[in-house]
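# Examining the three-dimensional arrangement
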Amino acid sequence: MSSRRWNAIFFVLLLIACMAGSVFFLQRVDQLRSGATLGEVLYIPSPKVLKRLSLGYSGLLADIYWTRAVQYFGGKHHEGAEHFDLLAPLLEITTTLDPQLVVAYQYGANFLAPKPPNGAGQPQRAIDLVEFGIRHNPNDWKLYYEEGFIYYTELKDYARAANAFARGSRVPNAHPFLKLLAGRMAEQAGSIETARLMWTAAYQTTQDKAIRANALAHLRALQVDEDVTTLEGLAARYKDQTGQFPSSFSQMESAGFMRGVPLDPLGRPYRLLPDGRVQVVSPDDFPFIERGTPPGYKPPATPKFLPSD
Amino acid sequence: MAAIEILGLEKTYHVGFWLKQKKLALKPLHLSVEQGEVFGFLGPNGAGKTTTLKLLMGLVFPTAGTARILGREIDDPGMKAKIGFLPEQPYFYDYLTARELLDYYGQLSGMAAKERSRKIPEMLDRVGLKDAGRVQLRKFSKGMLQRVGIAQAILHDPEVIFLDEPMSGLDPMGRREVRDLMEQLKQDGKTVFFSTHILSDAEALCDRVAVIHQGELRGVGAVAELTASVHGRVELIWQGTMIPASLAALGAECHVRGDTVRGLVSEANQEAAIEALRRERLRLISLTPVRSSLEDYYIQRLKPTEANATSVGVRS
Amino acid sequence: MTSRIRWIAANTFREAVRDRVLYNLIAFAVLMSGAAILVGQISIDIERLVVVNLGLTAVSLFGVIIAIFVGIGLVSKEIEKRTLYTVLSRPVRRWEFIVGKFFGLAGTLAVNTFFMAIGVFAAVLYVSRHFQKADGWILVALYFIVLQFVILTSLALLFSSFSSPLLSAVFAFSLFVIGSFSEDLRGFAGMTHGVTSWLATGAAYLVPNFSALNVITSVAHEQPVAGHLIFYNTAYALLYATMVLCGAVLVFQRRNLK
């Protein structure tokens, strides 16, 4: 029976060799085609047609397109891309196939609206997307929040933002901060408190890791901006009192201006410069900050606001 | 060189949901068939005849043991060119015509195109399907299928031919024709190994037979000697209607017919029986040995006695 | 050896033909003609697009159905009907049987696709009135579809060698659907961690990559297909199919034909 055994060994070896070979070529094919399947998204004339073609399995297809959208944005972000052309079509297809996939609208609000490299820079398209969502989910307060969020953060149209928050607050079981935010839009739109409230709300309204990471990054940035303003103000008062800028924070502490060494939101001490300015030690860790960066600082092409960063 | 040598072939199946139970389909079998023999493999249904044939054909793999056909291992493809096989109740590609089927099988057996085109009409003629060559097999009757089956088994002129229940499902005419074919093969010097449970065919055709039951070989031997080995009986006919008590004591079976009695006693008790009749002054009309048939041997071998379990009968 | 494989392949082809498999071409012809005529009336300027999309999708789907439905019975039918007994009692090796069956069905599908290709080009000619250079890529798309059939046939054959027709059909069809999204599966595997990552990556590379062999949409939009892609896809498909056939042979060689 040994001929049978040799035979079996031959075929097992051949199988393994072919398996290795096929994996090798598969990787080559993947490299060649990276983004090809996504690129075909542009060829879909109308998401509605796609929905009909999916023969009732549109929910599954929506999930697939949703996964593709997330991967697309993440991939492009890591490349430090300036254009995210396919994000809008991918999200539009996702939501046409499954209009109740709320996280897709939230993703659009958070990453479609902001300017590159933080997003696709298409706030109006994001608005259209969210309004489509509201039409199909009129009782989901989260979508009204997202609409107001876009108007507030990117379009700076506080009147419309207030309108959206107000509409949302009237929905049964709406989160109380909608009413709060509606009120603040009128007078205090520019205040840091409002911004903080907005980003806290953004964090709380979703479970999506990417959106949450983004919101945290913004909250940290707000904290840094506030800290830097406060610390520079204290340094200026020190100078007024003593005639010189403080050389260190411990000096300010001994003079009774503060307790302990001030730390940034990531736990690292701030740096005090001789001319009284305050900086963060690692500005790359804080995308979105407007204060506390060294002069001539250029933010990296891949800002760190996704969980994979 | 023996045509077929079976050296301890054994087959156990695992059955049951977890495949834990073992079913012994064939106990270790030792058998040998010489070239030019017609060998009958007898046994009731489920005895293991088909299992044995499938093991020899390499359709099923043995749990233990080996076998050789024409001196070569059973997985040797070169050997397979020299054997032919007809399975039980065969079914062939019904979308082919008889000619196409034989052509296909001929190709697979390694026959050249010229040889095929010559032999196929011959073969169809020989099995009595001369006019059915271009008919699709799905239109064939059972008897015709059996005949085309034999045709494919002998088409490539094999030296050893294996037939599993070749007569099954045939009418008496068909069976006669198959028997004649097998006779012809024997005259051509071929070795024929066939399984059957029709004993009259075996008795008429076979040089030697083996009896198998419940996966176990119960007896092997030449037909003539096996029938003789079962102790024969003697028929006595005497005048009158009286049955002597002493005869009954000898285990005689007696029937009264008109004014004579017919009694059967075993050969061993022949003398004692005649003596008993003489003592009673009964007139013996005839004394005839009754030759036992293969059936007697067969049925005897099927009985689950200890003797059967270990003995293998007379070997020739 | 090769002659036996050839005979078995030829017989498999003959069986498919006599089982009237090729009649599907009539349905296809009707479909293409109807589409070509209708599309001119409904939409302007994208007739070619619709005809190519519809034609190539139909070629793919028809072929997939044939590959699965015929493929699942390739071995199991022969075992069930016991026609295999008289074949294997001849000097035919078990692996030759598998390989022969494979080539028989793959050949049937290739022939089927050839005729369908004529239909597609006829329809394209009808709506466009002339051929253009970009039409050459339609041939590449058709070639990739045939590669899909090669892979699918080998899979159906593998399942047929140990499983019932119904289960084989379910497995083969599932692999076809999953394989069509295999690029997404690999992307998804890349996003997972730990043990799940190993399992998902393994599965993602083992699943047949049908998504890369589907260039219907881009060809319909007159996009070219990279030469390297043709080479890589060919190598992949042949290696993958061979791997699966090895599996089928290994399974079949150990099988007791009760």
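Residues numbered from 1 in each chain as written. Chains lettered and ligands numbered in written order. Predicted model: local features only at pLDDT ≥ 70, side-chain atom pairs only at ≥ 80, totals over all residues.

## Section: the nonpolar core
What tends to happen in soluble globular proteins is that the nonpolar side chains get buried as a cluster. In terms of nonpolar packing, the biggest core is built from 155 residues, with Phe162 of chain B together with Ile98 of chain C touching the most fellow members. For this core, the element with the highest residue contribution is helix 7 (residues 136-160) of chain C, accounting for 16 residues. Residues contacting Phe162 of chain B, with those up to four places away along its chain left out, are Leu53, Leu56, Met57, Ile83, Gly84, Phe85 and Phe193 of chain B. Formed by 69 residues, the second largest nonpolar core is a distinct cluster that contains Ala69, Val70, Ala182 and Trp199 of chain A. (Core = buried A, V, L, I, M, F, W, Y, C linked by C-beta atoms within 7 Å. Buried ≥ 20, exposed ≤ 12 C-beta atoms within 10 Å, placed from the backbone. Helix = DSSP H or I, 4+ residues; strand = E, 2+ residues; numbered from the N terminus. Contact = placed C-beta atoms within 7 Å.)

## What to know about helix 9 (residues 182-191) of chain C
Of all the positions in helix 9 of chain C, only Ser182, Glu183, Asp184, Leu185, Arg186 and Gly187 of chain C are classed as buried. Where helix 9 of chain C is buried, its residues meet helix 1 (2-33), helix 2 (36-39) and helix 4 (58-79) of chain A together with helix 8 (165-180) and helix 10 (194-206) of chain C.

## Digging into the packing of helix 7 of chain C against helix 8 of chain C
Relative placement of two packed helices is described by the angle separating their axes and the distance separating the axes. Residue and element names in this part refer to chain C. Running from amino to carboxyl end, helix 7 crosses helix 8 at an angle of 150°, the nearest separation of the two axes being 9 Å. Judged by the inter-axis angle, helix 7 sits roughly antiparallel to helix 8. In this structure, helix 7 crosses over helix 8, and the sense of that crossing is right-handed. Counting all contacts with helix 7, which are made through Leu152, Leu155, Ala156, Phe159 and Ser160, the residues of helix 8 involved are Ser168, Phe171, Ala172, Leu175 and Phe176. Along the lines of polarity and charge, the residues of the contact of helix 7 with helix 8 split into 8 nonpolar, 2 polar and no charged. (Axes fitted to C-alpha atoms, helices over the stretch in contact; angles between N-to-C directions. Parallel < 35°, antiparallel > 145°, perpendicular 65-115°, else oblique. Left-handed = near helix turned anticlockwise from the far one by under 90°. Nonpolar A, V, L, I, M, F, W, Y, C, P; charged D, E, K, R; others polar.)

## A few points about the confidence of the model for chain C
With 98% of its residues at a pLDDT of 70 or more, chain C has an overall mean of 90. For this predicted complex, the interface confidence score (ipTM) comes to 0.88, while the overall pTM stands at 0.82. (pLDDT = per-residue confidence, 0-100.)

## Some words on the sheet that holds strand 4 (residues 64-69) of chain B
All names here are of chain B. Ordered by their spatial adjacency, 4 strands build an open sheet running 2-1-4-5, and the pairing between neighbours is antiparallel. Looking at which strands have only one partner, the edges of the open sheet turn out to be strand 2 (21-33) and strand 5 (72-73). Across 2 bridges, strand 4 lies against strand 5 in antiparallel orientation. The residue of strand 5 that forms the bridge with Ile69 is Arg72. Packing of helix 1 (residues 49-57) onto the sheet brings it into contact with strand 1 (4-15), strand 2 and strand 4, and relative to strand 2 it is tilted by some 70°. (Pairing = 2+ DSSP bridges.)

## Details of the domain arrangement of chain B
Quoted interface sizes are often the accessible area lost when the parts come together. Examined at the domain level, chain B breaks down into domain 1 (4-82 + 158-227) and domain 2 (232-290). Put simply, the middle of domain 1 of chain B and the middle of domain 2 of chain B, counted by C-alpha atoms, are 42 Å apart. (Domains from an automatic or database assignment.)

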